[in-house]
Amino acid sequence: MRTDLYQGHDYFNMDDLLTEEHKLIRDAARAWVKQEVSPIIEDAAENCKFPQHLLPGLGAIGAFGPYIPEEYGGAGLDQISYGLLMQELERCDSGLRSTASVQSSLVMYPIWKYGSEEQKKKYLPKLATGEWIGCFGLTEPDHGSNPGGMVTSYVEDGDHVILNGAKMWISNAPFAEIAVIWAKNEAGRIHGLVVERGMEGFSTPTMKGKWSLRASDTGELLFDNVRVPKANILPGRSGLGGPLSCLDSARFGIAWGAIGAALDCYDVALRYSTERHQFGKPIAAFQLQQKKLAEMITEITKAQLLTFRLGQLRNEGTATSAQISMAKRNNVDMALNIAREARQMLGAMGIMNEYPIMRHMMNLESVITYEGTHDIHLLITGLDVTGVSAFK
Ligand code: TGC
Ligand code: FAD
């Protein structure tokens, strides 16, 4: 990959809406990404391996649990800071952001929100530094968009439960120390459990063959009569609303992150268009190329405004799940369209790993599928505006 020249694009002076602290956090994350990640990310994607040596650095920039209170090792920041961090990480690679958003929103968040005091003290500080990595098991081989149909379940056995079942498509599973997983009890009610690596009958095989999100490790979670202490059940919430509330937080991070990927594609295409000459002119001088660039920055700016407002609503605690769905759906689709257009602007060079665009484009095919597919988020908006569910 070429030297990372990215500087950000702020067409509507969004920086005026940020605090000094927001800008410091964002700039520190950008500097860390340029120094530590940009030089190695193409190799990681080619080798299909998450670069685990980055974990302490991600902890140090506050990317693990940015909004978790400091007493539990988090950074105690607001939701806009969380969003800005996710934007800077995904500006480099969606897999890098995935690792941070799973750790923050899908592992630390449920432990913080629904865990006992002992569970919070045991897990959160180590997760915040990156000493421990967690994963989140909701999806099953036969239950993706419909997680409420899950079959993973447990029965009571004294002060333990016996857990059986399987989860699939789980980010970070192959190397995670702990897994926050969702399973049904004997009454068919969904609960969250913390399953620890080393528990007998628990395995995490890697899923191979991905053309997307290659710099992120994806695996299965297999439970074969795993004895889990009852003390590892999250006591604070039961029902599908538990995992879905975690998804609200993660989808919010993705809405910001996708803008990062779009900004990087736009940044590269803009620079390339001024450097590449055809027919005696820079290609930036042709109206068709300008149309692409003008539409890209327009769509990015609309997404920035939508997402900043969503951040304010999250800070106030008033953002609805449907508002988050709309932002996730819009922004990922926007980023994917920009990646496709930007790739064309680079001609044949657009397919090369010298530029990040093709990698972003392939990554975004996962991002538009996980955390609720593009169509599921449309149906969430449809339900919200009509009051009628079209899921079932
Ligand atoms: P439904 O009947 O609508 O709701 C069941 C219960 O949940 C409540 N609820 C929510 N609570 C909190 N937050 C939300 N967003 C909520 N949405 C619904 C609801 O009030 C109800 O509560 P109660 O008390 O009445 O029981 O559920 P449904 O079965 O009809 O499903 C609705 C649907 C389809 C929207 C939902 O299942 C869904 O979102 N499906 C998509 C699945 C998904 O997003 N999976 C993501 C897996 S994790 C992942 O992809 C991580 S990628 C990580 C990375 O690398 O970044
Ligand atoms: P399906 O649910 O089988 O959907 C197939 C198609 O049918 C989609 O187009 C969908 O939109 C459509 N469809 C489904 N239901 C309806 C309906 N009611 N109406 C109209 N259309 C419908 N999961 C986790 O739990 N943890 C993770 O860490 C995690 N990481 C992931 C990482 C990657 C790289 C990927 C690709 C996925 C990950 N997932 C994870 C799983 C992800 O959340 C699911 O893939 C996603 O929820 C969709 O489920 P599915 O793939 O089974 O698709």
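Up top is the structure these notes are about.
Read on for an overview of the structure. Just so it is clear, the structure is predicted and the values come from calculations on it, not from any experiment. (Residues numbered from 1 in each chain as written. Chains lettered and ligands numbered in written order. Predicted model: local features only at pLDDT ≥ 70, side-chain atom pairs only at ≥ 80, totals over all residues. Heavy atoms only, no water.)

### As for the site of ligand 2
Inclusion rule: Any residue with a heavy atom positioned within 4 Å of a molecule or strand is treated as near that molecule or strand. N or O atoms within 3.5 Å of each other form a polar contact, as long as, within protein, one can give a hydrogen and the other can take it, and as long as residues adjacent in sequence are counted only when both atoms are side-chain atoms. Think of it this way: any DSSP run of H or I at least four residues long counts as a helix, any run of E at least two long counts as a strand, and we number them from the N terminus. Throughout, the ten residues Ala, Val, Leu, Ile, Met, Phe, Trp, Tyr, Cys and Pro are labelled nonpolar, Asp, Glu, Lys and Arg are labelled charged, and all others, Gly among them, are labelled polar.
Taken together, 18 residues lie near ligand 2, and Phe136, Thr139, Ser145, Trp169 and Thr373 sit nearest. Residue Thr373 places a side-chain N or O atom 2.7 Å away from an oxygen atom belonging to ligand 2. Measuring from a nitrogen atom of ligand 2, one finds a backbone N or O atom of Phe391 at 3.0 Å. Looking at the shell around ligand 2, the elements that each hand over two or more residues are strand E3 (160-171) and helix H11 (374-386). Among the residues making up the shell around ligand 2, the classes are represented as 9 nonpolar, 7 polar and 2 charged.

### Regarding the site of ligand 1
In the vicinity of ligand 1, 26 residues are found, and the nearest of them are Ser98, Ser171, Arg251, Glu371 and Gly372. A distance of 2.7 Å is found between an oxygen atom of ligand 1 and a side-chain nitrogen or oxygen belonging to Ser171. At a separation of 3.3 Å, an oxygen atom of ligand 1 approaches a polar backbone atom of Gly241. Those elements giving two or more residues to the shell around ligand 1 turn out to be helix H5 (94-114) and helix H7 (241-275). At 6 residues, the largest contribution of residues to the shell around ligand 1 is made by H7. Looking at the shell around ligand 1, its residues break down into 11 nonpolar, 10 polar and 5 charged.

### Remarks on the nonpolar core
In plain terms, the rule: The definition of a nonpolar core used throughout is a set of buried Ala, Val, Leu, Ile, Met, Phe, Trp, Tyr and Cys residues joined through side-chain atoms within 4.5 Å. Only protein chains enter the accessibility calculation, which uses a 1.4 Å probe; a residue is then buried when its area is under 20% of its type maximum, exposed when over 50%, and partly exposed in between. Contacts between residues were defined by any pair of non-hydrogen atoms, one from each residue, lying within 4.5 Å.
In this structure, Leu58 and Leu89 are the most contacted members of the largest nonpolar core, which totals 84 residues. Sort the elements by how many residues they give to this core and H5 lands first, with 9 residues. Beyond its immediate sequence surroundings of up to four residues, Leu89 is in contact with Trp32, Val33, Leu58, Ile61, Ala63, Leu96, Arg97 and Ala100. Membership of the second largest hydrophobic core comes to 35 residues, among which are Leu293, Ile338, Ile357 and Val367.

### Here we look at unusual backbone geometry
At Cys48, a position not held by glycine, the phi torsion is positive, near 55°. Looking at where Cys48 falls in the secondary structure, it is placed in the loop between helix H2 (41-47) and helix H3 (55-60). Take Cys48: its relative accessible area is 27%, and that puts it in the partly exposed class.

### So, the packing of helix H1 (residues 20-37) against helix H4 (residues 79-92)
Here is the rule we go by: In this description, a line fitted to the C-alpha atoms serves as the axis of each element, helices being fitted only across the stretch in contact, and the angle between N-to-C directions of two axes falls anywhere from 0 to 180 degrees. Each angle receives one of four descriptions, namely roughly parallel if under 35 degrees, roughly antiparallel if over 145, roughly perpendicular if within 65 to 115, and oblique otherwise. Throughout, a crossing is termed right-handed when the near helix is turned clockwise from the far one, and left-handed when it is turned anticlockwise from it by less than a right angle.
Across the interface, H1 lies against H4 with an axial gap of 9 Å and an inter-helix angle of 20°. Judged by the angle between their axes, H1 and H4 are roughly parallel. At the point where H1 passes H4, the crossing takes the right-handed sense. Seen from H1, the contacting residues are His22, Ile25, Arg26, Ala29, Arg30, Trp32, Val33, Lys34 and Val37; seen from H4, they are Ile80, Ser81, Leu84, Leu85, Glu88, Leu89, Arg91 and Cys92.

### What about the environment of Ala179?
The residue Ala179 is located in strand E4 (residues 178-184) in this model. For the pair Ala179 and Arg271, spaced 92 residues apart in the sequence, the C-alpha separation amounts to 42 Å. Among all residues touching Ala179, those that are not within four sequence positions of it are Cys135, Leu193, Val194, Val195, Phe202 and Leu221.

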